Amino acid sequence: MSEDLPRPSSINKHSKIMNILSKVAVTVEPVASARLAAAIVYKNDIISFGVNRKKSHPFQAQFCKNDKSIYLHAETDAIKNALRVVDQEILTKSTLYICRMKHIGTNRREFVYGLSYPCSGCMKAIATFNIKNVVYSLEHDGKNSVAFNSLLR
């Protein structure tokens, strides 16, 4: 098996966590039409969740990409919540998962996965806390399954 391809066990693990996050994301009130959920996972255990919300927070302020990006992002919310239960060393050994759910066209009842690549502000937070593994959802491909990519730093 090629070293570039994820092992089947990691694909199943990623899919399981993304499925959990998709259920969280669809319940989130959209911010700029985005419904995102994130989780910090350490040794196969979810240690924190985060969601995007129309609420400013001092933690987000230090990572915002511009003066208008004041609302809490799912990634920074998950990091902030993780720091309440684990130390920064554990955070560096953890994986950050990010999931975006969106509507298909005009159908307001059906959700599909959307691209959830971290913005530059969230990438700054990821780098600040030295999180080396990031898994994010990709744009819906017409199938009813999750597609994801892994960002290894």
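Residues numbered from 1 in each chain as written. Predicted model: local features only at pLDDT ≥ 70, side-chain atom pairs only at ≥ 80, totals over all residues. Heavy atoms only, no water.

Another point: the overall build of the protein chain. In terms of regular secondary structure, the protein chain is built from five helices and six strands. When burial is assessed residue by residue, the protein chain has 44% of its 153 residues classed as buried. Taking as baseline every contact in the protein chain between residues at least 6 positions apart, the subset at least 24 positions apart corresponds to 56%. Carbon together with sulfur atoms contributes 51% to the accessible area of the protein chain, which is approximately 8,600 Å² in total. (Helix = DSSP H or I, 4+ residues; strand = E, 2+ residues; numbered from the N terminus. Buried < 20%, exposed > 50% of the residue type's maximum accessible area, 1.4 Å probe, protein only. Contact = heavy atoms within 4.5 Å. Areas by Shrake-Rupley, 256 points an atom, 1.4 Å probe, with all protein chains shown as cover.)

This part is about the packing of helix α3 (residues 74-82) against helix α5 (residues 120-128). The relative placement of two packed helices is expressed as an angle between their axes plus a distance between the axes. Contact pair α3 / α5: the axes reach a minimum separation of 9 Å and the direction vectors enclose 25 degrees. Considering their axes alone, α3 and α5 lie roughly parallel with respect to each other. α3 and α5 meet at a crossing whose hand is left-handed. On the side of α3, the interface is formed by Glu-75, Thr-76 and Ile-79, while α5 contributes Cys-122, Ala-125 and Ile-126. In terms of residue class, the contact of α3 with α5 is made up of four nonpolar, one polar and one charged. (Axes fitted to C-alpha atoms, helices over the stretch in contact; angles between N-to-C directions. Parallel < 35°, antiparallel > 145°, perpendicular 65-115°, else oblique. Left-handed = near helix turned anticlockwise from the far one by under 90°. Nonpolar A, V, L, I, M, F, W, Y, C, P; charged D, E, K, R; others polar.)

Across all of its chains, the model carries four salt bridges by this definition. Asp-77 is the salt-bridge partner of Lys-80, the closest N and O atoms lying 3.3 Å from each other. A residue pair is termed a helical-turn pair when its members lie 3 or 4 positions apart in one helix, as Lys-80 and Asp-77 do in helix α3 at three residues. Among the residues examined, Lys-80 registers a relative accessible area of 11% and is labelled buried. Through salt bridges that share partners, Arg-53, Asp-77 and Lys-80 make up one connected network. (Salt bridge = Lys/Arg side-chain N within 4 Å of Asp/Glu carboxyl O.)

Checked against the element boundaries, Ile-131 lands in the loop between α5 and β5 (133-137). Remark: the alpha-carbon pair of Ile-131 and Thr-95, spanning 36 residues in sequence, is separated by 6.9 Å.

Here a ring pair, both rings aromatic, is described through the centre-centre distance and the interplanar angle of the planes. Per the stated rule, a full pass over the model turns up two aromatic pairs. Ring centres of Tyr-117 and Tyr-136 lie 5.1 Å apart, and the angle between their planes is 90 degrees; this geometry places the pair in the edge-to-face category. You can see Tyr-117 sitting in the loop between β4 (107-114) and α5 and its partner Tyr-136 sitting in strand β5, a full 19 residues away along the chain. Overall, Tyr-117 belongs to the partly exposed group, its relative accessible area being 42%. (Phe/Tyr/Trp six-rings, centres within 6.5 Å; stacked < 30°, edge-to-face > 60°.)

The subject of this paragraph is the nonpolar core. Ile-40, Ile-79, Leu-91, Leu-96, Phe-129 and Ile-131 are the most contacted members of the largest nonpolar core, which has 20 residues in total. Counting only elements with at least two residues in this core, the list comes to β1 (35-42), α3, β3 (95-104), α5 and β5. Looking at this core, the element that brings in the most residues is α3, giving four residues. Beyond its immediate sequence surroundings of up to four residues, Ile-79 is in contact with Ile-40, Phe-59, Leu-91, Ala-125, Ile-126, Phe-129 and Ile-131. Listed in part, the 15 residues of the second largest apolar core include Leu-21, Ala-25, Val-41 and Tyr-113. (Core = buried A, V, L, I, M, F, W, Y, C linked by side-chain atoms within 4.5 Å.)

Within the secondary structure, Thr-76 is located in helix α3. At 3.1 Å, the side chain of Thr-76 and the backbone oxygen of His-73 are in polar contact. The contact partners of Thr-76, leaving out residues within four places of it in the chain, are Phe-59, Gln-60, Phe-63, Cys-122 and Ala-125. (Polar contact = N/O pair within 3.5 Å; in protein donor to acceptor, adjacent residues only side chain to side chain.)

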